[in-house]
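What follows is the residue order along each chain.
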Amino acid sequence: MIKTVFSQCALSLVNSWAGSSLLKTLESRDSCDNILRVITYHRVDLPSDNPHLYPGVHSVTPDQFATQLDQLQACAQIVSLDDVLDALEGRRRLPAKSVLITFDDAYQNFEAAWKHLKSRDLPVVLFVPTSFPDHPERKFWWDRVHWAIQSTPQTQITLDGQPLLLSDRKHKADAARLIAAKVKELPHRDAMPWIDTLCENLQEDARPNEVLTWQRLRELSAEGVTMGAHTHTHPLMNQVDLEEAREEAVRSRDELQSRLGTEIRSFCYPAGGVSDEVAAMLKDVGYTAAFTTKRGVNNLDNCDPMRLDRINVGGRTSTNVLRMQFLSYARDLKPARQPA
Ligand SMILES: [Zn+2]
């Protein structure tokens, strides 16, 4: 309770005019080079336009994204994946206040973000789970569960023998959170059939996925978007056996390379699922860098390139909170909701 109150007070301070002044002072002293901040976005859209998509992976609206870019350009140095890979391999050092912008899952509304990035000539990395483009029938499990719960005519389901009420928004949100937590604990081979059954019981109103097509991904790649691998079927890599994880890592990279004609050297762990064995395997199959969902700032002089931390932007992440998390010596604020 005390921690929550303290956290709320700290956030109010950070978001105030005084907080902005304090941030400027702190930023002016945070001048170390080779420190990398990686921002994670998922969806840039208006949630009201997409009630069928899980709100937990909504990042910002297009207008908020443009404002964040303006402010990032004023206080940070936005670098490319090539800059980061060169620094990891010792060919150069990153400038002070370096920031890499990443997007997970290749939702179609990446287009709204790309419009602003392209007009500013800013680099970005898009992590693509390769089984989803051109397969609108393959939905992300978190979007399926969200919409099945929102649209079901049922007012209650049973989870692990316990009744879960679905009678109003709050109960539905609580149920979605419990289900997501359960999915992440199950082996992938059990989790997906379990979701099929759950959604069937909820009388799922199936919608097509909202993932970019291969044609559009090719065009975006040609326009300057850097692509990275995000597995083939989007399992948690620590919830499949090692051979299956290897297949996901290699297949997604090979498919991106053959379809886009570019070299793929980076990987992003779905939902941050990683183990020592998986990280070692990624290095073994030839990846140069891999990104987690663990919140933090990376010192490229002593980090593990197969476990690079990121900072997730969620609905509660103001630009000042983001800037505070960039500071290499002050990053203990309440995190945004964990992404899928
Ligand atoms: Zn993902």
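Residues numbered from 1 in each chain as written. Predicted model: local features only at pLDDT ≥ 70, side-chain atom pairs only at ≥ 80, totals over all residues. Heavy atoms only, no water.

Further remarks concern the overall build of the chain. Along its length, the chain carries 12 helices and 13 strands. Its C-alpha atoms put the chain at 55 × 50 × 40 Å along the principal axes. Scored against the burial criterion, the 340 residues of the chain give a buried share of 54%. Long-range contacts, defined here as pairs at least 24 residues apart, represent 67% of the contacts in the chain between residues at least 6 apart. For the chain, the computed accessible surface area is about 15300 Å², with 51% contributed by carbon and sulfur atoms. Taken together, the 40 basic and 45 acidic charged side chains of the chain have centroids lying 6 Å from each other. (Helix = DSSP H or I, 4+ residues; strand = E, 2+ residues; numbered from the N terminus. Buried < 20%, exposed > 50% of the residue type's maximum accessible area, 1.4 Å probe, protein only. Contact = heavy atoms within 4.5 Å. Areas by Shrake-Rupley, 256 points an atom, 1.4 Å probe, with all protein chains shown as cover. Lys, Arg positive; Asp, Glu negative; His and termini not counted. Charge placed at Lys NZ, Arg CZ, Asp CG, Glu CD.)

Donor atoms from the polypeptide that bind the zinc ion are Asp105 (OD), His230 (NE2) and His234 (NE2), placed at 2.0 to 2.1 Å. Under the relative-accessibility criterion, histidine 234 is labelled buried at 4%. (Donors = N, O, S within 2.8 Å, 3.2 Å for Na, K, Ca; no water.)

A separate point is helix α9 (residues 214-223). Among all positions of α9, only Trp214, Leu217, Leu220 and Ser221 are buried. All buried residues of α9 lie within an arc of 120° about the axis, which places them on one face of the element. Those residues of α9 hidden inside the fold are in contact with α5 (110-119), β6 (125-128), β9 (226-229) and α10 (242-260). Backbone geometry just downstream of α9 places glycine 224 in the positive-phi region, at approximately 125°. (Arc of directions from axis to C-beta.)

Enumeration according to the criterion identifies 12 aromatic pairs in this entry. Ring centres of tyrosine 41 and phenylalanine 103 lie 5.1 Å apart, and the angle between their planes is 20°; this geometry places the pair in the stacked category. Within this pair, whereas tyrosine 41 is found in strand β1 (residues 35-41), its partner phenylalanine 103 is found in strand β5 (residues 98-104), the two being separated by 62 residues in sequence. With 5.7 Å between their ring centres and 50° between their planes, phenylalanine 127 and phenylalanine 291 make a pair best called tilted. Placement of phenylalanine 127 in strand β6 and of phenylalanine 291 in strand β11 (residues 289-295) is noted, with a sequence separation of 164 residues between them. (Phe/Tyr/Trp six-rings, centres within 6.5 Å; stacked < 30°, edge-to-face > 60°.)

For the rest of this paragraph, the subject is the state of the cysteines. If you walk through the whole model with that rule in mind, you get 0 disulfides. In this model cysteine 32 remains outside any disulfide bridge; the closest cysteine sulfur is found in cysteine 303, 14 Å from its own. There is no disulfide at cysteine 268, and the cysteine sulfur nearest it, in cysteine 303, is 16 Å away. A residue is classified by how much of its surface remains accessible, and cysteine 268, at 0% relative accessible area, is buried. (Disulfide = S-S within 2.5 Å.)

This part covers the packing of α5 against α9. With their axes 12 Å apart at the nearest point, α5 and α9 run at an angle of 15° to one another. In terms of their interaxial angle, α5 and α9 are classed as roughly parallel. Relative to α9, α5 is oriented so that their crossing is left-handed. In this structure, α5 uses Phe110, Glu111, Trp114 and Lys118 to contact α9, whose residues at the interface are Arg216, Leu220 and Glu223. Its residues placed into classes, the contact of α5 with α9 shows 3 nonpolar, no polar and 4 charged. (Axes fitted to C-alpha atoms, helices over the stretch in contact; angles between N-to-C directions. Parallel < 35°, antiparallel > 145°, perpendicular 65-115°, else oblique. Left-handed = near helix turned anticlockwise from the far one by under 90°. Nonpolar A, V, L, I, M, F, W, Y, C, P; charged D, E, K, R; others polar.)

This next bit is on the nonpolar core. Residues Phe103, Leu117, Leu126 and Tyr269 are the most contacted members of the largest nonpolar core, which totals 79 residues. Counting the residues that make up this core, at least three belong to each of domain 1 (2-136 + 209-326) and domain 2 (141-201). Those residues in contact with leucine 117 that sit more than four places away from it in its chain are Phe65, Leu69, Ile101, Phe103, Leu122, Pro123 and Val124. Residues Val79, Ala87, Leu94 and Phe291 belong to the second largest nonpolar core, which totals 17 residues. (Core = buried A, V, L, I, M, F, W, Y, C linked by side-chain atoms within 4.5 Å. Domains from an automatic or database assignment.)

Time to look at the pattern of salt bridges. Note that side chains of opposite charge can pair when their charged atoms are close. All told, the structure shown has 28 salt bridges when counted by the stated rule. Note that aspartate 174 and lysine 170 form a salt bridge whose closest N and O atoms lie 2.8 Å from each other. Taken as a pair, aspartate 174 and lysine 170 lie in helix α7 (residues 169-185) at a separation of 4 residues, close to a single helical turn. Given a relative accessible area of 24%, aspartate 174 falls into the partly exposed group. In this structure, a network of salt bridges that share partners links the residues Asp83, Asp86, Glu89, Arg91, Arg92 and Arg265. (Salt bridge = Lys/Arg side-chain N within 4 Å of Asp/Glu carboxyl O.)

Looking at where tryptophan 214 falls in the secondary structure, it is placed in helix α9. Apart from the residues lying within four places of it in its own chain, the contact partners of tryptophan 214 are Thr130, Pro133, Asp134, Glu255, Leu256, Arg259 and Leu260.

Bringing the pairing of strand β7 (residues 156-159) into the picture now. Of the two faces of β7, only one is covered, namely that formed by Ile157 and Leu159; the face formed by Gln156 and Thr158 stays uncovered. In the sheet, β7 pairs with strand β8 (residues 162-165) via 4 bridges, with the strands oriented antiparallel. For leucine 159, the partnering residue across the bridge sits in β8 and is glutamine 162. Linkage of β7 to β8, two consecutive antiparallel strands, is achieved through a turn of 2 residues, within which aspartate 160 is found at a positive phi near 50°. (Pairing = 2+ DSSP bridges.)

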